[in-house]
There are 2 protein chains.
Amino acid sequence: MKKTGIRDVAKASGVSISTVSRAFTRPDLVSEKTRRKILKTADSLDFNISRSATALKSGQTYRVALLMNEEITSWFNTQVFAGIDSVMHKAGYDVDLFEHIDTAKNRSDFFTTLPVRCNVDAVFVASFAVDPHEAKRLRRIHVPIVGINTPTTANSDASISIDDEQGMYVATRHLIELGRHNLAYACSDPVTSINSSIDARTTGFVRACREAATTRDLDWRIVSVPRGKAFADSALEALLTLEDFPDGICCQIDMMAIPLMIKLAGRGHTCPRDYSLVGFDDSPYADTVNLTTMRQDPYLMGMKAASKALSLINGHAPDHAHETVTPELILRGSDAPRETTDAIQTDARPTQANIITG
Amino acid sequence: MKKTGIRDVAKASGVSISTVSRAFTRPDLVSEKTRRKILKTADSLDFNISRSATALKSGQTYRVALLMNEEITSWFNTQVFAGIDSVMHKAGYDVDLFEHIDTAKNRSDFFTTLPVRCNVDAVFVASFAVDPHEAKRLRRIHVPIVGINTPTTANSDASISIDDEQGMYVATRHLIELGRHNLAYACSDPVTSINSSIDARTTGFVRACREAATTRDLDWRIVSVPRGKAFADSALEALLTLEDFPDGICCQIDMMAIPLMIKLAGRGHTCPRDYSLVGFDDSPYADTVNLTTMRQDPYLMGMKAASKALSLINGHAPDHAHETVTPELILRGSDAPRETTDAIQTDARPTQANIITG
DNA sequence: TTGAAAGCGCTACCAG
DNA sequence: CTGGTAGCGCTTTCAA
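All of these numbers come straight from a predicted model, not from anything done at the bench.

Quick look at the overall build of chain A
Inference 1: Counting secondary structure elements, chain A contains 12 helices and 13 strands.
Inference 2: Computed over the C-alpha atoms, the radius of gyration of chain A is 26 Å, more than 25% above the 21 Å expected from 2.2 N^0.38 for a compact globule of 358 residues.
Inference 3: For chain A, restricting intrachain contacts to residue pairs at least 6 apart in sequence, the fraction spanning at least 24 positions comes to 72%.
Inference 4: Of the accessible surface of chain A, which amounts to about 15200 Å², a share of 52% is contributed by carbon and sulfur atoms.
Inference 5: For chain A, the distance from the average site of its 40 positive side-chain charges to the average site of its 44 negative ones is 12 Å.

Some details on the layout of surface pockets
Inference 1: By volume, the second largest pocket is sized at about 1100 Å³.
Inference 2: Lining the second largest pocket are 42 residues, and of these A:Phe98, A:Pro115, B:His89, B:Lys90 and B:Gly92 sit closest to its centre.
Inference 3: Breaking the lining of the second largest pocket down by element, the ones donating at least two residues are α4 (51-58), β2 (94-98) and α6 (104-113) of chain A together with α2 (17-25), α3 (32-44), α4 (51-58) and α5 (75-90) of chain B.
Inference 4: The residue inventory of the lining of the second largest pocket, partitioned by class, reads 17 nonpolar, 14 polar and 11 charged.

Comments concerning the interface of chain B and chain A
Inference 1: Taken together, the contacts link 79 residues of chain B with 79 residues of chain A.
Inference 2: Roughly 6800 Å² of surface becomes buried between chain B and chain A when both sides are summed, with 53% attributable to carbon and sulfur atoms.
Inference 3: When the buried surface of chain B facing chain A is broken down by residue, B:Asp46, B:Arg117 and B:Tyr285 rank first, second and third, together holding 10% of it.
Inference 4: At the boundary of chain B and chain A, one finds 14 salt bridges.
Inference 5: Residue A:Asp46 is joined to B:Arg140 by a salt bridge in which the shortest nitrogen-to-oxygen separation is 2.9 Å.
Inference 6: Counting the contacts that link chain B with chain A gives 19 residue pairs in polar contact (both at pLDDT 80 or more).

Topic: the environment of A:Arg267
Inference 1: Secondary-structure assignment places A:Arg267 in the loop between α11 (254-266) and β9 (276-281).
Inference 2: Polar side-chain contacts of A:Arg267 include one of 2.6 Å to the side chain of A:Glu237.

Examining the state of the cysteines
Defined simply, a disulfide is a covalent bond joining two cysteines at their sulfur atoms.
All names here are of chain B.
Inference 1: Overall, the coordinates contain zero disulfides over all chains when judged by the stated rule.
Inference 2: In this model Cys250 remains outside any disulfide bridge; the closest cysteine sulfur is found in Cys209, 7.0 Å from its own.
Inference 3: Judged by relative accessible area, Cys250 falls into the buried class, the value being 0%.

Quick notes on the protein's contact with DNA strand D
Inference 1: If you check the shell around DNA strand D, you find 26 residues, and the closest are A:Ile6, A:Ser21, B:Thr19, B:Arg22 and B:Thr34.
Inference 2: In DNA strand D, the atoms that sit within 4 Å of the protein are 57% sugar and phosphate, with bases accounting for the remainder.
Inference 3: Between DNA strand D and B:Ser16 there is a distance of 2.9 Å, counted from a phosphate oxygen to a backbone nitrogen or oxygen.
Inference 4: B:Thr34 places a polar side-chain atom, nitrogen or oxygen, 2.4 Å from a phosphate oxygen of DNA strand D.
Inference 5: Counting residues per element, the ones that place at least two in the surface near DNA strand D are α1 (6-13), α2 (17-25) and α4 of chain A together with α2 and α4 of chain B.
Inference 6: No other element matches α2(A), which puts four residues into the surface near DNA strand D.

Focus on the confidence of the model for chain A
Inference 1: Averaged over all residues, the pLDDT of chain A equals 90, while 94% of them reach at least 70.
Inference 2: This model gives residues 340-351 of chain A a pLDDT under 50, and the stretch forms 26 contacts once residues within four places in sequence are excluded.

A look at the nonpolar core
Inference 1: Among the nonpolar cores identified, the biggest contains 102 residues, and A:Met88, A:Phe124, A:Ile148, A:Phe205, B:Met88, B:Phe124 and B:Phe205 are the most heavily contacted of them.
Inference 2: Other than its neighbours up to four places away in sequence, B:Met88 contacts B:Val64, B:Tyr93, B:Val95, B:Phe124, B:Ala306, B:Leu310 and B:Ile313.
Inference 3: Listed in part, the 58 residues of the second largest apolar core include A:Val225, A:Tyr275, B:Ala238 and B:Ile258.

Points about the protein's contact with DNA strand C
Inference 1: As a matter of local geometry, DNA strand C sits amid 24 residues, with A:Ser16, A:Thr19, A:Thr34, B:Ile6 and B:Ser21 nearest to it.
Inference 2: Close to the protein, within 4 Å, the atoms of DNA strand C belong to sugar or phosphate groups at a rate of 58%.
Inference 3: Contact distances for DNA strand C include 2.5 Å between a phosphate oxygen and a side-chain N or O atom of A:Thr19.
Inference 4: Between A:Lys57 and DNA strand C, the recorded distance is 2.9 Å, taken from a side-chain N or O atom to a base nitrogen.
Inference 5: Counting only elements with at least two residues in the surface near DNA strand C, the list comes to α2 and α4 of chain A together with α1 (6-13), α2 and α4 of chain B.
Inference 6: With four residues, α2(B) is the largest single contributor of residues to the surface near DNA strand C.
Inference 7: Of the residues in the surface near DNA strand C, the class split is eight nonpolar, 11 polar and five charged.

Some thoughts on the UniProt feature "domain: HTH lacI-type" (unreviewed entry) in chain A
Inference 1: The UniProt entry lists residues 4-58 of chain A under the feature "domain: HTH lacI-type" (unreviewed entry), expressed in the numbering used here.
Inference 2: Taken end to end, residues 4-58 of chain A has its terminal C-alpha atoms 22 Å apart, with 69% of it in helix and 0% in strand.

Let's talk about the packing of α4(A) against α4(B)
Inference 1: Between α4(A) and α4(B), the least distance of the axes is 8 Å, while the angle of their chain directions is 135 degrees. With respect to their mutual orientation, α4(A) and α4(B) come out oblique. Seen from above, α4(A) lies across α4(B) with left-handed handedness. Where α4(A) abuts α4(B), its residues A:Ser52, A:Ala53, A:Ala55 and A:Leu56 lie against B:Ser52, B:Ala53, B:Ala55 and B:Leu56.

Reading guide: rules and limits
Residues numbered from 1 in each chain as written. Chains lettered and ligands numbered in written order. Predicted model: local features only at pLDDT ≥ 70, side-chain atom pairs only at ≥ 80, totals over all residues. Heavy atoms only, no water. Helix = DSSP H or I, 4+ residues; strand = E, 2+ residues; numbered from the N terminus. Rg over C-alpha atoms; globule rule 2.2 N^0.38 Å. Contact = heavy atoms within 4.5 Å. Areas by Shrake-Rupley, 256 points an atom, 1.4 Å probe, with all protein chains shown as cover. Lys, Arg positive; Asp, Glu negative; His and termini not counted. Charge placed at Lys NZ, Arg CZ, Asp CG, Glu CD. 1 Å grid on protein atoms, 1.4 Å probe; cavity = no way out; pocket = protein on both sides within 12 Å on 5 of 7 lines; lining within 4 Å. Points joined across faces, edges and corners; volume = space filled by probe spheres on them. Nonpolar A, V, L, I, M, F, W, Y, C, P; charged D, E, K, R; others polar. Buried area = accessible area lost by both parts, 1.4 Å probe. Salt bridge = Lys/Arg side-chain N within 4 Å of Asp/Glu carboxyl O. Polar contact = N/O pair within 3.5 Å; in protein donor to acceptor, adjacent residues only side chain to side chain. Disulfide = S-S within 2.5 Å. Buried < 20%, exposed > 50% of the residue type's maximum accessible area, 1.4 Å probe, protein only. Near = heavy atom within 4 Å. pLDDT = per-residue confidence, 0-100. Core = buried A, V, L, I, M, F, W, Y, C linked by side-chain atoms within 4.5 Å. UniProt positions renumbered as here; feature names shortened; annotations may be inferred. Axes fitted to C-alpha atoms, helices over the stretch in contact; angles between N-to-C directions. Parallel < 35°, antiparallel > 145°, perpendicular 65-115°, else oblique. Left-handed = near helix turned anticlockwise from the far one by under 90°.

In C-alpha cells, the structure reads:
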C-alpha cells in the first residue's frame, strides 16, 4: 500500500499539486473554498507535507545540533535542552544531541568527523569552551554557533552565559558578611580537556576570600574531589578530616551541597547551627532541604539561546548577541549569622488532601 | 558563497556524483584509492551528505516522535528520552519531542492535527494510555507505535513496561512483613484524562493491604494530594493530620518519599525509628538519604523501546514485542522491623581529596 | 486564483 | 568498479 503523496491529494481534490502545496504553506494565496476542500481531502487521506522534501527544497536542514559535555541527564543539561527544544520545535526544527564532547577522544572524533556539517542550521555549545581551531572548523561550515555558558565569547556568534565568577563571589561574600571566618569551597576537580564554565566559580570564591582576608581574619581552603558518583562522599570525608571544621561552606553546585548538608548532619554537623552552607543552581530539592543558594535558570537560558539562533539563521543579528545573566541569591535556611543557633525550619503550608481509609 | 554540493566534490575529484555518493554510503563498492581521494576532497571542501536528500530519496524520514505527558524535565522522562536518543541518534534518527500530551486540549490538538503524520518513522508513547480511537488514527499513518509504561499492550506494536502494580505490591508486602500494621500510601491525584501507568501502583498497595488484612490486624489508607509544586507538602500535612501517625509509608514516587522523609524528621517523625518508608524509582538522592525503594531503570527502558522501534521500522518483528520488567527492591536504611530503633546510617566511604588552603 | 515545469541533492538502477 | 540518469516530494517562478 503506497503512501499518500501530494499528487494523490491533488487528484482527489481536482487541483494541481502547486495548489495543494500552497494550501498548506501559503493559505492566503488559495481561495477559501479550494483550500478547505484540499485540507479536508488531505486529512481524510492522512496526508501531510513532507518535512524532508521541504527542507531539501528550501536549502535549510531544519535541524540544529546541541553539543554537551557529559550527559543530557544532568539537571543543567536537561533544562538547557528542554529550553532550546521548546522554541526550536515550535519553529519547526529538530534538535540533534551530541553528548560527551568532553573526553579528548570524543572531542576529536566529533571535530574531525564533524557529523553536523551541511546538516544543521545552527549549533549550540553548552558549558564548555570550543577552542579557536575547532571554532574555525565549525565556522567554515557557515553555520552560526551559539554558546551557553561558554567561558569566552570569542568563538561564537551569540551566547548567553551566567556570571559564574560573580555568582560565587556573591555567595561567598554573603557568608563572610554573616561573620563566618573559616570557609571551605567544595568542588569537583576540573576536567582539564574542557575548560568548563563552572570552574569560574572557584575564582569567585577565591577572589572574595582574598579580598576579605586583607581586612580581617579569614581562613579558607578549596576542597576539590574527583568527579564521579561518590564525589559528595569524597568531599564529606575531606571536610571531616580538616582540623577545624569550617563555619561556612560554599559548594560549586547544589548536587554537592545537598548531600553534604544531609550527611554532615548525620556526622554531628548541623546547618545552620554549626556552619552556614550555600549552594549554586537552585536545582531540585534545594527548596526541600531549605538550602540557601545562587539561582540560575538554564531552561530560560536555553530559550534565549534558541531565539538568538533563530535570528542568526534568518540573517538578522540578534538584539544582544552576547548576553550575561547574573544569578540570584536565594535566601533560605542553611545560612545564619554567627550568633544564631536555630535549627532549620521547613516551611509548612496549608493543604488539601483526600484521605481514603481501608 | 554557494554551499559545496556533491557535484563540486565529484568534479574536484574527477569522478561522477554516483561514485561520490557510493564513497560515503557504500564504501565497499568503491576502490580504495578512489574512495580515499573522494573523502579527502570532500573533507577539504567541507562537504557532507545531505540527510534531507537521503531521507527524501529513501522514503523514510529518519525521524521519530516521542509523546510524553508532562515535561521532559522530570527524572523519568529525561531518562527515557536519553535512552531512546542514545540508540536512535546512533542509528541516524532525530527524535522529536511532543510534551504535555496530557491535558484534554493538548491531547486533542495533537491527535486531530497529527503533526507527525508522514513525518516520522515510528512513535513512542511514554507513560500514558493512547485510547483506541487515537490508536487507530495513529495506526492509519502506517507507523509503528511503541509504548513505554503504557497501561495496556493493546494499542501499540511493541512496548516495554515496568510492572507498577506488582512493584508497589512488593514494596507494601515488605513493610507488612516488617511487622508494620498502620500503613499509608502517599500519592498524587490521578490525572483523569490520561490514565497514567503510575496509577497502577495504587492498586498494588491496595491489593497487598487487602490481602494481609484478612489474616491480621492492619490499618491502611491512601493519602492522595493534588498535583503541583507543593504536592509533597500537601502530603506532609495530610499525614500529620492523621489521628494515628502511620508506622509504614509507601510513596508513589521517590520525589514524594524524599521530601517527606526530610520534612517529617523536622516534625518529630524520624525514619526508620518512628516509621518505615519505602519509595519507588530510585531516582536522584534516594541513595543520599538512604531510602529503601523500588528501582526501575527508565534509561534502559528507553534503549529497549528504541531497539524495538528500529526492528519494526526495518520490517522485522522485535524479539519480544511486549516486554514487562519487574522493579527491584533496593534495601537501604529507611525501613526497619518493628523493634528496631536505630537512626539512619549514612554510608561513609574512604576518599581522596585535594585540600588547598588559602 | 491556478497550473506547468524546473530543480533542490541524493540514490539506485542499468550500462559499460 | 564507475558513470549516466530518473525521480523521491516539494516549492516557486512564470504563464494563463
